[in-house]
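What follows is the residue order along each chain.
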Amino acid sequence: LVTDGRIHPARIEKEVQKRLATESLLKNFGREFFEEGELIKSSLFSGLAPSNYQLGPGDELKIIIWSELGDETVYDVQVNPEGQIYVPIIGVLGVSGLTVGEFEQTGLGQLPGKFKHFKGQATLTKVRTIQIFVVGEVEKPGAMNVSGLATAFSALYQAGGPTQRGSMRHVKVLDSSGKAKSIDLYRYFLSGNRSQDIPGKNGDTIFVPAADSRITVTGMVNRPAIYELSGETSLADAIEMAGRALPKAYSGR
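An account of the accompanying structure is given in this report. Residue numbers restart at each chain and count upward from 1, following the sequence in its written direction. A pLDDT threshold of at least 70 governs which residues receive local features in this predicted model, and a stricter bar of 80 or more applies before side-chain atom pairs are shown or counted, although totals over entire chains, interfaces and linings include all residues. Side-chain metrics rest on all non-hydrogen atoms present in the structure, leaving aside hydrogens and water.

Attention now goes to the pairing of strand E12 (residues 205-208). Any residue under 20% of the maximum accessible area for its type is buried, any over 50% is exposed, and the rest in between are partly exposed; the area is computed with a 1.4 Å probe on protein chains only. Per the convention used, a helix needs a DSSP run of H or I reaching at least four residues, while a strand needs a run of E reaching at least two, with both numbered from the N terminus. Only one face of E12 is buried, namely the one carrying Ile206 and Val208, since none of Thr205 and Phe207 on the opposite face is buried. Pairs of strands are assigned from DSSP output, requiring at least two bridges between the strands. The pairing of strand E8 (residues 129-136) with E12 spans four bridges and is parallel. Its bridge partner being in E12, Val135 is matched across the sheet by Phe207.

This paragraph deals with the packing of aromatic side chains. Put simply, two rings from Phe, Tyr or Trp (the six-membered ring, in Trp's case) pair if the centres are within 6.5 Å, and we call them stacked under 30 degrees between planes, edge-to-face over 60, tilted for the rest. Counted under the stated rule, the structure contains 11 aromatic pairs. Measuring from centroid to centroid gives 5.4 Å for Phe153 and Tyr188, while their planes differ by 50°, and the two rings are tilted. Of this pair, Phe153 sits in helix H6 (residues 152-158) while Tyr188 sits in helix H7 (residues 186-191), and the two are 35 residues apart along the sequence. Note on Phe153: relative accessible area 4%, which makes it buried. You can call Tyr188 partly exposed: its relative accessible area is 22%.

Patch members must show over 30% relative accessible area and no salt bridge, and they are joined within 9 Å when carrying like charges or within 5 Å when they are nonpolar side chains of Val, Leu, Ile, Met, Phe, Trp or Tyr. Using the Shrake-Rupley algorithm and a 1.4 Å probe, accessible areas are obtained, with residue cover drawn only from the displayed protein chains. Every case where a carboxyl oxygen of Asp or Glu lies within 4 Å of a side-chain nitrogen of Lys or Arg is listed as a salt bridge. On the surface, a nonpolar cluster with roughly 210 Å² of combined accessible area is contributed by Phe133, Val135 and Phe207. Topologically, Val135 is positioned in strand E8. Val135 gets classed as partly exposed once you look at its relative accessible area, which sits at 31%.

Note that soluble globular proteins tend to have their nonpolar side chains buried in a common cluster. By nonpolar core is meant a set of buried Ala, Val, Leu, Ile, Met, Phe, Trp, Tyr and Cys residues that side-chain atoms within 4.5 Å join together. Phe34, Val134, Leu156, Leu185, Phe189, Ile206 and Tyr227 are the most contacted members of the largest nonpolar core, which has 34 residues in total. Of the residues forming this core, the biggest block, five residues, is contributed by H6. Residue contacts follow a heavy-atom distance rule, with two residues in contact if any of their heavy atoms lie within 4.5 Å. Each residue touching Val134, except ones within four places of it in the same chain, is listed here: Pro141, Gly142, Met144, Ala155, Leu156, Ala159 and Ile206. Within the second largest apolar cluster, 19 residues are counted, among which are Ile63, Leu93, Leu111 and Ala122.

In this section: the pairing of strand E9 (residues 142-147). Pairing geometry for E8 and E9, over six bridges, is antiparallel. Counted as the bridge partner of Gln131 is Asn145 from E9. Hairpin geometry of E8 and E9 is characterised by an intervening segment of five residues between the two adjacent antiparallel strands.

Glancing now at the sheet that holds E9. One open sheet accounts for five strands, arranged E9-E8-E12-E10-E11; its pairing is mixed. Where the open sheet ends on each side, the last strands, each with one partner, are E9 and strand E11 (180-183). Between one strand and the next, the sheet's axes are offset by a mean angle of 25°, whatever the strand orientation. Axis definition: a line fit to C-alpha positions, over the contact stretch in the case of helices; interaxial angles, taken between N-to-C directions, run 0 to 180 degrees.

Further remarks concern the sheet that holds strand E3 (residues 60-67). The three strands lie next to each other as E4-E3-E7, forming an open sheet whose pairing is antiparallel. If you trace the sheet from one side to the other, it starts and ends with strand E4 (72-78) and strand E7 (118-126), each paired once. Each strand of the sheet is rotated relative to its neighbour by a mean of 20°, with strand direction disregarded. Pairing of E3 with E4 involves seven bridges; the strand directions are antiparallel. Residue pairing across strands places Ile64 opposite Val74, the latter belonging to E4.

Before going further, it helps to spend a moment on unusual backbone geometry. Positive phi values are uncommon outside glycine, yet Arg244 reaches one of about 70°. Tracing the sequence through the fold places Arg244 in the segment after helix H8 (235-241). On the accessibility criterion, Arg244 (51% relative accessible area) is exposed.

Along the chain, Ser67 falls in strand E3. Take Ser67: its relative accessible area is 5%, and that puts it in the buried class.

All right, on to the side chain of Arg128 then. Here Arg128 is to be found in the loop between E7 and E8. Given the relative accessible area of 15%, Arg128 is considered buried. Nitrogen and oxygen atoms within 3.5 Å of one another constitute a polar contact, given that in protein one can donate a hydrogen and the other can accept it, and given that sequence-neighbouring residues count only through two side-chain atoms. Of note is the side chain of Arg128, whose polar atom sits 2.7 Å from the side chain of Tyr53. Not counting chain neighbours up to four residues away, the residues in contact with Arg128 comprise Tyr53, Gln54, Leu55, Gly56, Pro57, Gly58, Asp59, Val146, Ser147 and Gly148.

What follows is the structure in structure tokens.
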């Protein structure tokens, strides 16, 4: 761009346009995470419920009660809107907020005291459907009916993720009472930390605000992209987010 002490404006303009064209192809960091959502959406909730899954209205259970004499009775029950089930041999039992294991201990555990030689076992046969609202700067905002196994991450998947304007570092999850929790998706993107991926509850609202500030990191780095800032960020922090400089990079300038 400079030869024999002379500046070449045409060459500078060409280089600037070349770099601008390259930068226009860059995406917001983490965008690919959600662009794959269409491919995996069908399998988001296909797994078994975890052992800590809490029962609630709409869940269906198969309850088997048997005696040492060989008698066996099977009941297919659904948790009612009040969070209760009815088992003829025992009566009405509150199960909302309990895991299947806890229900077996506290609910079916009453059997030996009432009927000698009787025991019971419960199995979750169908997971309830809940409604979650995803609003703000997301690709497909609105109300969605999802599996009771849904989490904040999977709901964002289904909504297509934040738009180009949306924040990935200040996502809010508000429950029906208005209590909010904040999610910084970069913690998952950069380190695999899923501790913020909270279970979804009926009536939750996920709000994605507009991003405050971003920078573009391009050139000789492992992950050229547009990065969202959160708080004070140094040049070294930015290069670290971009996967550090490539071995052939000149870091002296």
